[in-house]
Amino acid sequence: AETPLEKIYQEIIQDQEKRCQREQRESREKLVRSREYYTRWSHQIKTPIAAMELLLQEEPADVRALKRELLKTSQYVEMALSYQRMEGDGNDLVIQRYELRPVVMQAVKKVSPLLIHKHISFSAGDLSGEVLTDEKWLVFVLEQVLTNAVKYTPSGSVSVWCEGEVLYIRDTGIGIRPEDLPRIFEWGYTGYNGRLDKRSTGVGLALVKQVMEMLGNKMEIRSVLGEGTEVFL
């Protein structure tokens, strides 16, 4: 630059170049992440479909088992649709006040076949009051968290209650290893528990965290290995 004006133009061009490079990098990362997710999802959804095919061959077919596998399939499809909506920035939010208990119970009803199958007790404490949110997205978050709670609780209980502005979901499951806790919200990270499950995509909690941020809320998870996990919404 030979003049102050030329220096300003150079700085503007450099800033634009950096912004363009950053957007290109983010776009590539988004595409890679999307491909990885749908590859994992394709393998994941095969399991309940194959299970349903086997159950239908039995005489008589186990209706309860079929319902559980159908629930898993439905959850995987709903997760994929939610992923598409989030990645496409099509945030179809309808923010208004809802009674908290009916919203929570929608999610509980969806996962009830899993609770019944594993003989896990469920308790709902104080869920009075209202919450300012999008009902559909909050039910999605609760369903994912409750499904995880049931999945990693071989026996015991799952409980939900509200204190002030915090909704608690606690299980008495296997817990999360300390080294995994800082990374549980990373895309694609399955951790030790996910490797045990062998069907985990490492996307559920990442998507839940993203939804909570979209709703303007916070999410924390605390866990003690062998004792259980507590989620704070």
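These numbers come from a predicted model, not from an experiment.

Engineer: Even after reading the chapter, I still don't get the side chain of Thr147, so can you show me in this structure?
Structural biologist: Within the secondary structure, Thr147 is located in helix α4 (residues 135–151). Classification of Thr147 by relative accessible area gives buried; the value is 12%. Setting aside anything within four residues of it in sequence, one finds Thr147 in contact with Gln75, Val111 and Leu114.

Engineer: Would you take a moment to explain the packing of aromatic side chains for this structure?
Structural biologist: Given two aromatic rings, their pairing is described by the distance between the two centres and the angle made by the two planes. All told, the structure shown has six aromatic pairs when counted by the stated rule. Between the aromatic rings of Tyr37 and Tyr83, the centroid separation amounts to 4.4 Å while the plane-to-plane angle is 35°, which identifies the pairing as tilted. Taken together, the residues span a long stretch of sequence, with Tyr37 in helix α1 (residues 4–57) and Tyr83 in helix α2 (residues 63–87) at a distance of 46 residues. Tyr83 matches Tyr37 in its accessibility class, with the two residues each being buried. Where Trp137 meets Phe140, the ring centres are 6.1 Å apart and the plane angle is 85°; that geometry is what we call edge-to-face. Of this pair, Trp137 and Phe140 are both found in helix α4, three residues apart, which corresponds to roughly one turn of the helix. Geometry around Phe185 places Lys209 over its ring, the cationic atom sitting 4.8 Å from the centre. Stacked on the ring of Phe232, the Lys or Arg Arg222 has its end atom at 4.5 Å from the ring centre.

Engineer: Is there a simple way to think about unusual backbone geometry in this case?
Structural biologist: Note: most residues except glycine have negative phi, and most peptide bonds are trans. Of note in the backbone geometry, His119 takes a positive phi value of approximately 55° without being a glycine. Mapped onto the fold, His119 is located in the loop between α3 (100–117) and β2 (121–124). Since its relative accessible area comes to 70%, His119 is described here as exposed.

Reading the values: rules and limits
Each chain has its residues counted from 1, following the order in which its sequence is written. The model is predicted, so local features are restricted to residues of pLDDT at least 70 and side-chain atom pairs to those at 80 or more, both for listing and for counting; the totals for chains, interfaces and linings are taken over all residues. The side-chain figures draw on all heavy atoms in the structure; neither hydrogens nor water molecules are used. Helix and strand definitions here come from DSSP, where helices need a minimum of 4 consecutive H or I residues and strands a minimum of 2 consecutive E residues; each element is numbered from the N-terminal end. Each residue gets one of three labels from its accessible area relative to the maximum for its type: buried under 20%, exposed over 50%, partly exposed in between, using a 1.4 Å probe on protein chains only. For this analysis, residues touch if any pair of their heavy atoms sits within 4.5 Å. Centre distance within 6.5 Å is the pairing criterion for rings of Phe, Tyr and Trp, where only the six-membered ring of Trp is used; planes under 30 degrees apart are then read as stacked, over 60 as edge-to-face, and the remainder as tilted. Any Lys NZ or Arg CZ found within 6 Å of a ring centre and within 35 degrees of that ring's normal is scored as a charge over the ring.

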